Amino acid sequence: MGLDFLILYEHTVREYESDLLLKLELERRGYTAEIRQLLDRKKLGYFTWKKPKVLVASCMYDNEAINSHVYNNIGRCDRIVNLHWEQMLSDTQEEGDWFNMNGNAKKCVQTCWGRKTARRLEAHGMEEKNCPVTGAVMMDFLRPEFHGYFKDKAALCREFGLDPDKQLHLYISSFGYASMTDQEVAELSRMAGTDFTGFARTNRVSMDETLCWFDRYLGEHPEVELVYRRHPSEWNSPHLDALAKKRPNFHVIFAGSVKEWIVAADSISIWMSTAIAEVYMAGKSCHILRPVPIEHEYDPVIYAGADYVTNYEQFDRAMAQEDPPFPIAKEVIEGYFDPSPRPAYLRMADLLEQVYKEPPRDTPMGEGFTPHFNWLKFFALWGVHILFFFRLEPKKVFFFHKGLADFAQRIYGYVEKAYVPRAEARRMEERIRPFVKGERA
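So, how was this worked out
Residues numbered from 1 in each chain as written. Predicted model: local features only at pLDDT ≥ 70, side-chain atom pairs only at ≥ 80, totals over all residues. Heavy atoms only, no water. Phe/Tyr/Trp six-rings, centres within 6.5 Å; stacked < 30°, edge-to-face > 60°. Helix = DSSP H or I, 4+ residues; strand = E, 2+ residues; numbered from the N terminus. Buried < 20%, exposed > 50% of the residue type's maximum accessible area, 1.4 Å probe, protein only. Core = buried A, V, L, I, M, F, W, Y, C linked by side-chain atoms within 4.5 Å. Contact = heavy atoms within 4.5 Å. Lys, Arg positive; Asp, Glu negative; His and termini not counted. Salt bridge = Lys/Arg side-chain N within 4 Å of Asp/Glu carboxyl O. Pairing = 2+ DSSP bridges. Axes fitted to C-alpha atoms, helices over the stretch in contact; angles between N-to-C directions. 1 Å grid on protein atoms, 1.4 Å probe; cavity = no way out; pocket = protein on both sides within 12 Å on 5 of 7 lines; lining within 4 Å. Points joined across faces, edges and corners; volume = space filled by probe spheres on them. Nonpolar A, V, L, I, M, F, W, Y, C, P; charged D, E, K, R; others polar. Arc of directions from axis to C-beta. Expected span 1.5 Å × (residues − 1).

Student: Looking at this structure, I do not really get the packing of aromatic side chains. What am I missing?
Tutor: Within this structure, the stated rule accounts for 42 aromatic pairs. Arranged with centres 4.9 Å apart and planes meeting at 40 degrees, the rings of Y61 and W98 form a pair that is tilted. One end of the pair, Y61, is in the loop between β3 (54–57) and α2 (63–74); the other, W98, is in the loop between α3 (91–95) and β5 (109–110), with 37 residues separating them in the sequence. A relative accessible area of 5% places Y61 in the buried class. A residue is classified by how much of its surface remains accessible, and W98, at 42% relative accessible area, is partly exposed.

Student: Would you explain the nonpolar core in this entry?
Tutor: Burial of nonpolar side chains together is a common tendency in soluble globular proteins. Counting 76 residues, the largest nonpolar core has F5, F337 and L352 as its most contacted members. Considering every element that reaches this core, the biggest residue donor is helix α13 (residues 344–357), with nine residues. Not counting residues within four places of it along the chain, the set of residues in contact with F337 comprises M88, W113, G114, A136, M138, M139, A277, M281 and I302. A178, F214, M272 and V309 belong to the second-largest nonpolar core, a separate cluster that totals 30 residues.

Student: How should the environment of T363 be read in this particular structure?
Tutor: Within the element layout of this structure, T363 appears in the loop between α13 and α14 (375–389). Once the C-alpha coordinates of T363 and E122 are considered, the two residues, 241 residues apart in sequence, prove to be 18 Å apart. Beyond its immediate stretch of four places on either side in the chain, T363 contacts D78, N104 and K107.

Student: For this particular structure, what's the right way to read the side chain of D4?
Tutor: As for its placement among the helices and strands, D4 is situated in the segment before β1 (5–9). No salt bridge is formed by the buried D4; its nearest oppositely charged neighbour, K53, is found at 6.9 Å. The contacts of D4, once residues within four sequence positions are left out, are Y31, T32, P52, K53, V54 and Y356.

Student: I would appreciate a short explanation of the sheet that holds strand β11 (residues 308–309) in the present structure.
Tutor: The strands that make up a sheet are held in pairs by hydrogen bonds between backbone atoms, and each pair lies either parallel or antiparallel. Pairing within the open sheet is parallel, and its six strands lie in the order β8-β7-β6-β9-β10-β11. Among the strands making up the open sheet, the edge pair consists of β8 (250–253) and β11. One ladder, built from four bridges, connects strand β6 (residues 167–172) with strand β9 (residues 267–270); its direction is parallel. By the bridge assignment for β9, L170 is matched with I268. Against the sheet, helix α7 (residues 197–220) contacts β6, β7 (224–229), β8, β10 (287–289) and β11, and its axis sits at roughly 160 degrees relative to β7.

Student: Is there a simple way to think about the sheet that holds strand β4 (residues 80–82) in this case?
Tutor: Spatial ordering of the open sheet is given by β2-β1-β3-β4-β5, a layout of five strands whose pairing is parallel. At either end of the open sheet lies a strand with only one pairing partner, and these are β2 (33–37) and β5. In this sheet, β2 lies alongside β1 in parallel orientation, the contact comprising five bridges. Within β2, the position partnered with I7 by the bridge is I35. Of the strands in this sheet, β1 and β2 touch helix α1 (residues 12–28), which is tilted by about 170 degrees from β1.

Student: Honestly, empty space enclosed by the protein in this entry has me stumped. Any pointers?
Tutor: Vacant regions in the atomic arrangement are exposed by a probe of water-molecule size rolled over the atoms. If you walk through the whole model with that rule in mind, you get four cavities of 30 Å³ or more. As a volume, the largest cavity reaches approximately 70 Å³. In this structure, the largest cavity is lined by S18, D19, L22, L83, W85, W113, G135, A136, V137, M138 and M348. Of the residues in the lining of the largest cavity, the class split is eight nonpolar, two polar and one charged.

Student: It is not clear to me how helix α17 (residues 422–432) should be interpreted in this structure. Could you clarify?
Tutor: Structurally, the α-helix is built with 3.6 residues per turn, so residues lying three or four positions apart point the same way. Those residues of α17 lying buried are A425, M428, E429 and I432. Buried residues of α17, viewed axially, fall in a sector of 100 degrees; they line one side. Within α17, the exposed residues directed more than 90 degrees away from the buried face are A423 and R426. Where α17 is buried, its residues meet α1.

Student: Would you mind going over α2 with me for this structure?
Tutor: An ideal rise of 1.5 Å per residue puts 16 Å on twelve residues; α2 measures up with 15 Å between its terminal C-alpha atoms. In terms of burial, α2 is a largely internal element, nine of the twelve residues being buried. For α2, the complete set of buried residues consists of A65, I66, N67, S68, H69, V70, N72, N73 and I74. Buried residues along α2 sit in contact with β1, β3, β4 and α14. Positive backbone phi, at 85 degrees, marks G75, one or two positions downstream of α2.

Student: How should the layout of surface pockets be read in this particular structure?
Tutor: The volume enclosed by the second largest pocket comes to roughly 970 Å³. In this structure, the second largest pocket is lined by 29 residues; those nearest its centre are R36, D40, Y419, V420 and R422. For the lining of the second largest pocket, the secondary structure elements donating two or more residues are α1, β2, α14, α16 (402–418) and α17. When the residues that make up the lining of the second largest pocket are grouped by side-chain class, the tally is 17 nonpolar, two polar and ten charged.

Dropping the structure here:
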């Protein structure tokens, strides 16, 4: 018996929780659904007796993505729905070719969090039928219907050794380039074909100035606990270590969901993270800290025209505000994140059910698409997964051949980062299950 839906994810932190919510709702409706990571080993069953009727992708930009994410996982399929995880872009990205879909990707169903994204895709040649507005599933966890899903402030503070009686301030960082050396920035620039030198400098200057504000403020306000939610790339930052040693009420924490910290925090500050939408959906406000301007080609367009805090005096006053206004206009943020009274996971499940029951809306694997199976990747993934099962790092196994070791180690690193143990997946499912009500408006 074939599988109804196969959901593919790329980044665990970004996607897995939402994919589980969607999977549980589809199962509640009587369908079969499974979740797989893009670099999981290929399964013969998905090409034959267990072939999915609908492939739910994490991204789908061009013909190569259709080939890699669909054809190389399940063979031919014209029912392709993209969850479309990259929708918060800069103005340069919005105007460019890549993020507006190319080739037969325009014939896939590209779900949109809000009407602004749908209109952009339509303006770049997509048909309205392939740009449905569903809302953003990851935002559902912040809805009133999910009250109690996250730990409260007291529980979260106890878990991380913070004083729950003090004001909890959250800073959501995006200084991914600040920890990179000039050599690493130059290498990344060569690989991407874009010069990131100026943006890396903006990262460093902004981070240094922001930490100076925090240093001064925490010295003057010992009644505050400040949690610095670091960016995943900020893995080596002497500046953060130094401030944590100097100020006992400064805490660099990456563990726990950013949504959980948002719900628990008494006040929130941010630089340029798209998590600002999650702050809004949680019914909270925040301050945008901008010591220096950000180059427009890197700044998410949702921040255009927002209110910024640009110096310490403004920051000090902002911290004293009990109920600050949201720094981005309502019509702007709701244009990108549709504020429907119906949860997005139900709207998304409605769409998937419709795609499942009806004839394909288009022919992504029709004219213009040439399928090719990647045998090298097929065997490489099997080999890497065997090594990962025994926790044998390729750089040690293939020490005699640097090229092979580097190639296998890179894939091994991706597999290791995206791995979700079965016990953890079951725990997450059981945590979500009580909130899957399946109301149909």
